Amino acid sequence: MQSIYKLARDMEAKLHALLFEVKELKNKAQNLDEENARLRKELADIYREGFAGDAGSVDVTTHKGFINLLGLYDQDFHICNLYFGRKRAGDCLFCLAFLKKEQEPAAGQEIRGG
Amino acid sequence: MKFTCIKEEILNALLVVQRAVPSKNPLPILTGIKFKAEGDKVFLTATDLEIGIRCSFPAEVIEDGESVIPAKLIIELIRSLPDLPVFIESDPFTNSVEIKYGQSKAKINGYPADEFPDFVLTSGDLHFNMPGDVLAEALRQVIFATAADENRPVFTGVLLEIEESCIHLVATDTHRLAWRKILMETSLGSNIKFIIPGKTLNELVKIIGPEQKVDLTFTENQVLFNTDNTLVISRLIGGEFPKYKMVVPGECISKIRINTSELQDATKRAALLTNEGAPIVKMQITDDTLIVTSHTEAGHVHEELKTSRDGEQLQFAFNARYLNDILKVIGSEESYIEFTGPLSPGIIKPVSDVEYISLLLPVRLRGD
């Protein structure tokens, strides 16, 4: 039979492991919070620029909106409605289809490699 | 429970149901296979609570009953037996089973059968059937495009969408998309959508025999596939599948027709000389030739394949593994590859009557 001391030591080790996992989770949550805040700010800036830039010309606003979306996509974020604002790994069919749809007002723009 | 059976028959049934036995599970009883002897058959059941498989085999049942036996032990034991009739008898008081073969015997300790989770088969809202080979081929053509990332459950499944007499099977991991249509003889309804886990379908295609007919039954959150002696039940994935039709490009600017296996072989060879983790092969459409190349520090490959071209001359790059996944299942001697623009997905489809397309995004290279 295991001694109580050994059982307590095992339990201590398990608690340490659990504490470590909680810390990891806390870090991940913090990173996500920060990323979320940054994205919100970026989005807010985009809208502010879009509306403050001109009130008269719809075309220019749409064009700016497209450039901003392109910028977000280029920074490896999804811009499709499925995962808008989430980090992407590789190209996304849905983001590109969305960009293609929006492309007409900003024809001639290029997407950088990514 | 007491029965005698043929070794091959019990082994085949065990190998079918073991696909649902979880490798890791907090519930030890799920690492077991439930035996139920009834009438002239023995029913084997395994489940990981996401997917459940039940398979029956003929046996001379002496006494009805149930027992749960650890999957790994019973499979390895039966596999290693000589080709003799197998006699199995369970002891409900100790939850053990005795396996007798010739003059020898073995005893395996099991689990209480009444603790094994039962299949709950609710009555189906939608029911139809189709030939096993048609279903298996169609599923193979789309399953490879499902995502492995469990954080995005919708993409780990295959969409089954019904529009009158047409069944659409669609899978995408957002980098590629596979879409197969199956035409049925009668209308099954309209605007009906289910997302079936890719894992379930992966197991199903390995189970379905070519000559079998498969009955499909859908409830609100479960799907049931039933063949002659096997039944597969699985939960459905909740959520909205993305509007896949919007990613299919329109008019193409260039189209080639090429021998499928030649392209597959050339891509495989070119992929040998690519960087691990990023098997990118370059392709160039010239007059009547498709040039497949790869170039790394280790060396380079240059392959020229005869094609017939319609449209512009183009240069592009594909992930060789993704391209091969498609070519493996396209099921046609020749294939079409269509392009609508440098950033649009390539459309790969068979030169046949089968309504199948696969979309694959070209890889953007530095300087593109």
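Residues numbered from 1 in each chain as written. Chains lettered and ligands numbered in written order. Predicted model: local features only at pLDDT ≥ 70, side-chain atom pairs only at ≥ 80, totals over all residues. Heavy atoms only, no water.

Caption draft 1: Structural view of the sheet that holds strand 1 (residues 2–5) of chain B. Residue and element names in this part refer to chain B. Here five strands make up an open sheet; going across it, the order is 5-1-7-8-9 and the pairing antiparallel. Edge strands, defined here as strands with exactly one partner in the open sheet, are strand 5 (60–63) and strand 9 (104–109). In this sheet, neighbouring strand axes are inclined to one another by 20° on average, regardless of whether the strands run parallel or antiparallel. Relative to strand 7 (residues 86–91), strand 1 runs antiparallel, the two sharing four bridges. (Pairing = 2+ DSSP bridges. Helix = DSSP H or I, 4+ residues; strand = E, 2+ residues; numbered from the N terminus. Axes fitted to C-alpha atoms, helices over the stretch in contact; angles between N-to-C directions.)

Caption draft 2: Spotlight on helix 4 (residues 198–207) of chain B. Most of helix 4 of chain B is tucked away, with seven of its ten residues classed as buried. Turning to helix 4 of chain B, its buried residues are Gly198, Thr200, Leu201, Glu203, Leu204, Val205 and Ile207 of chain B. (Buried < 20%, exposed > 50% of the residue type's maximum accessible area, 1.4 Å probe, protein only.)

Caption draft 3: View of the packing of helix 1 (residues 7–17) of chain B against helix 2 (residues 71–79) of chain B. Residues and elements named next belong to chain B. At a closest axis distance of 10 Å, the pairing of helix 1 and helix 2 adopts a crossing angle of 145°. When the axes of helix 1 and helix 2 are compared, the crossing they make is left-handed. Contacts between helix 1 and helix 2 involve Lys7, Ile10, Leu11, Leu14 and Leu15 from the first element and Ile74, Ile75, Ile78 and Arg79 from the second. A breakdown of the residues in the contact of helix 1 with helix 2 according to their chemical character gives seven nonpolar, no polar and two charged. (Left-handed = near helix turned anticlockwise from the far one by under 90°. Contact = heavy atoms within 4.5 Å. Nonpolar A, V, L, I, M, F, W, Y, C, P; charged D, E, K, R; others polar.)

Caption draft 4: Fine view of the domain arrangement of chain B. All names here are of chain B. The domain architecture assigned to chain B consists of domain 1 (2–115), domain 2 (126–246) and domain 3 (254–360). Listed by partner, the interface residues are twelve residues for domain 2 and 13 residues for domain 3. A combined buried area of about 1,200 Å² lies between domain 2 and domain 3, and 55% of that area is made up of carbon and sulfur atoms. In terms of surface lost to domain 3, no three residues of domain 2 exceed Gln141, Phe144 and Arg176, which account for 41% of the buried area on that side. (Domains from an automatic or database assignment. Buried area = accessible area lost by both parts, 1.4 Å probe.)

Caption draft 5: Seen up close, the interface of chain B and chain A. With 19 residues of chain B at the contact, the number on the chain A side is 18 residues. Carbon and sulfur atoms supply 64% of the area buried between chain B and chain A, which totals about 1,600 Å² over both sides. A per-residue breakdown of the area chain B buries against chain A is headed by Thr174, Leu343 and Arg364 of chain B, which together make up 36% of the total. Linking chain B with chain A are zero salt bridges, by the criterion used here. Scanning the region where chain B abuts chain A turns up four residue pairs in polar contact (both at pLDDT 80 or more). The residue inventory of the side of chain B that touches chain A, partitioned by class, reads eleven nonpolar, four polar and four charged. (Salt bridge = Lys/Arg side-chain N within 4 Å of Asp/Glu carboxyl O. Polar contact = N/O pair within 3.5 Å; in protein donor to acceptor, adjacent residues only side chain to side chain.)

Caption draft 6: Structural context of the pattern of salt bridges. All names here are of chain B. Using the criterion set out here, one finds 27 salt bridges over all chains in the structure. For the salt bridge of Lys245 with Glu163, the shortest nitrogen-to-oxygen distance reads 3.2 Å. Linking Lys245 in the loop between strand 17 (230–235) and strand 18 (254–259) with Glu163 in strand 11 (residues 157–163), this pair joins segments that are 82 residues apart in sequence. Take Lys245: its relative accessible area is 41%, and that puts it in the partly exposed class. Residue class for Glu163 comes out partly exposed when judged on its relative accessible area of 32%. With its nearest N and O atoms 2.9 Å apart, the salt bridge here joins Glu334 to Arg257. One end of the pair, Glu334, is in strand 24 (residues 334–339); the other, Arg257, is in strand 18, with 77 residues separating them in the sequence. If you follow the salt bridges from partner to partner, you end up with Asp173, Arg176, Asp325 and Lys328 in one network.

Caption draft 7: Inspection of a nonpolar patch on the surface at higher detail. On the surface, Met11, Leu15, Leu18 and Val22 of chain A cluster together into a nonpolar patch covering about 400 Å² of accessible area. Relative to the elements of secondary structure, Met11 of chain A occurs in helix 1 (residues 4–53). (Patch = residues over 30% accessible without salt bridge, like charges linked within 9 Å, V, L, I, M, F, W, Y side chains within 5 Å. Areas by Shrake-Rupley, 256 points an atom, 1.4 Å probe, with all protein chains shown as cover.)

Caption draft 8: Highlighting the environment of Pro26 of chain B. Turning to its location among the elements, Pro26 of chain B is positioned in the loop between helix 1 and strand 2 (32–38). Put simply, Pro26 of chain B and Asp118 of chain B are 92 residues apart on the chain and 17 Å apart in space, counted from C-alpha to C-alpha.

Caption draft 9: Expanded view of the nonpolar core. Grouped together as the largest cluster of nonpolar side chains are 100 residues, with contacts concentrated most on Phe3, Ile33, Phe35, Ile99, Phe128, Phe218 and Leu290 of chain B. Cys92 of chain A together with Ala147, Ile195 and Phe241 of chain B belong to the second-largest nonpolar core, a separate cluster that totals 33 residues. (Core = buried A, V, L, I, M, F, W, Y, C linked by side-chain atoms within 4.5 Å.)

Caption draft 10: Local environment of the packing of aromatic side chains. Tallied over the full model, the rule gives twelve aromatic pairs over all chains. Taken together, a centroid distance of 6.4 Å and an interplanar angle of 65° make the contact between Phe155 of chain B and Phe241 of chain B edge-to-face. Placement of the pair is Phe155 of chain B in the loop between helix 3 (132–143) and strand 11 and Phe241 of chain B in the loop between strand 17 and strand 18, with a sequence separation of 86 residues. Taken together, a centroid distance of 5.3 Å and an interplanar angle of 65° make the contact between Phe316 of chain B and Phe318 of chain B edge-to-face. An aromatic cluster is present here, built from Tyr83 and Phe94 of chain A together with Phe155, Trp179, Phe241 and Tyr244 of chain B joined pairwise through their rings. Its guanidinium or amino end placed over the ring of Tyr336 of chain B, Lys255 of chain B lies 4.4 Å from that ring's centre, counting from NZ or CZ. (Phe/Tyr/Trp six-rings, centres within 6.5 Å; stacked < 30°, edge-to-face > 60°. Lys NZ or Arg CZ within 6 Å of the ring centre and 35° of its normal.)

Caption draft 11: View of the side chain of Asp91 of chain A. The topology assignment puts Asp91 of chain A in the loop between helix 2 (58–74) and helix 3 (93–102). Polar side-chain contacts of Asp91 of chain A include one of 2.8 Å to the side chain of Tyr73 of chain A. Apart from residues no more than four positions distant in its own chain, Asp91 of chain A is found in contact with Tyr73 and Leu96 of chain A together with Thr174, His175, Leu361, Pro362 and Arg364 of chain B.

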